[in-house]
Amino acid sequence: MKNMRPDGSVFLVPLRNGGFARGVIAGSSRKNNLIVSYFFGPKYETEKNVDILGMSPEKAVISMRSSDIKINNGSWPVIGQLSNWNSDDWPTTKAVRRDPKGFSKPLLVTYDRADPFKIIGEEILDADLNLPSSGEAGCGFVEIKLTDLLST
């Protein structure tokens, strides 16, 4: 059975070069092991004294749809819950599907709010939007991407 963490849960992602990034679960599907998360710097060297205040979507370094397997097995420890959680403030319903070779125009993908992985609409965009990618990332990809983004 799926170990559901509530939306607004804050967790840590170990970085490949040591230290941790913070993540917030913004949406999850009860049907599978997928979550929509926002990720934040700065890099924390240890799991102790990690600040979970003041996080908001506009301060995130990236937002991604990913597996929650490492949260459920404890590799990405949950360290708290945002006290001011309001799901309307953390968008999960829009993302962009991009052609990696650039041959096709980007697509705006709309997801069901009740299940942020159920597609309810798609529309061709003339220009890319600054929205998360519509794809789902594996846990390893998330760790590598955050390591790159938070390396100084």
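Residues numbered from 1 in each chain as written. Predicted model: local features only at pLDDT ≥ 70, side-chain atom pairs only at ≥ 80, totals over all residues. Heavy atoms only, no water.

A. How the structure looks around the overall build of the protein chain. From N to C terminus, the protein chain includes two helices and nine strands. Walking the protein chain from its N terminus toward its C terminus, one meets helices and strands in the order β-β-β-β-α-β-β-β-β-β-α. Over its C-alpha trace the protein chain gives a radius of gyration of 15 Å, about what one expects of a compact globule, namely 15 Å for 152 residues. Counting all 152 residues of the protein chain, 41% fall into the buried class. Considering only contacts in the protein chain between residues 6 or more positions apart, those separated by 24 or more positions represent 61%. Surface exposure of the protein chain reaches about 8,300 Å², of which carbon and sulfur atoms provide 52%. Each charge class in the protein chain can be summarised by its mean position, and for the 19 positive and 18 negative side chains these summaries are 3 Å apart. (Helix = DSSP H or I, 4+ residues; strand = E, 2+ residues; numbered from the N terminus. Rg over C-alpha atoms; globule rule 2.2 N^0.38 Å. Buried < 20%, exposed > 50% of the residue type's maximum accessible area, 1.4 Å probe, protein only. Contact = heavy atoms within 4.5 Å. Areas by Shrake-Rupley, 256 points an atom, 1.4 Å probe, with all protein chains shown as cover. Lys, Arg positive; Asp, Glu negative; His and termini not counted. Charge placed at Lys NZ, Arg CZ, Asp CG, Glu CD.)

B. Molecular detail of the packing of aromatic side chains. Within the structure shown, the criterion is met by five aromatic pairs. Measuring from ring centre to ring centre gives 5.8 Å for F11 and W76, while their planes differ by 5°; the resulting arrangement is stacked. Linking F11 in strand β1 (residues 9-14) with W76 in the loop between α1 (69-72) and β5 (78-81), this pair joins segments that are 65 residues apart in sequence. With centroids separated by 5.2 Å and ring planes inclined at 80°, the aromatic side chains of Y38 and W90 adopt a geometry described as edge-to-face. Here Y38, found in strand β3 (residues 34-44), pairs with W90, found in the loop between β5 and β6 (94-97); they are 52 residues apart in sequence, far enough to count as distant. The burial state of Y38 is the same as that of W90; both residues are buried. Taken together, the ring pairs connect Y38, F40, W85 and W90 into an aromatic cluster. Above the ring of Y111, the side-chain terminus of R65 is found at 3.8 Å from the ring centroid. (Phe/Tyr/Trp six-rings, centres within 6.5 Å; stacked < 30°, edge-to-face > 60°. Lys NZ or Arg CZ within 6 Å of the ring centre and 35° of its normal.)

C. Structural detail: the layout of surface pockets. For the largest pocket, the calculated volume is near 510 Å³. What lines the largest pocket is a set of 20 residues, and nearest its centre among them are I62, S63, L131, P132 and S133. Listing elements by their share of the lining of the largest pocket, those giving two or more residues are β4 (62-67), β9 (136-137) and α2 (139-150). Ranked by residues supplied to the lining of the largest pocket, first place goes to β4 with four residues. For the lining of the largest pocket, the per-class residue count stands at eleven nonpolar, four polar and five charged. Of the volumes computed, that of the second largest pocket is approximately 180 Å³. Contributing to the lining of the second largest pocket are 15 residues, with D7, S28, S29, A114 and P116 lying nearest its centre. (1 Å grid on protein atoms, 1.4 Å probe; cavity = no way out; pocket = protein on both sides within 12 Å on 5 of 7 lines; lining within 4 Å. Points joined across faces, edges and corners; volume = space filled by probe spheres on them. Nonpolar A, V, L, I, M, F, W, Y, C, P; charged D, E, K, R; others polar.)

So far we have only geometry, and geometry alone does not tell us how the molecule works.
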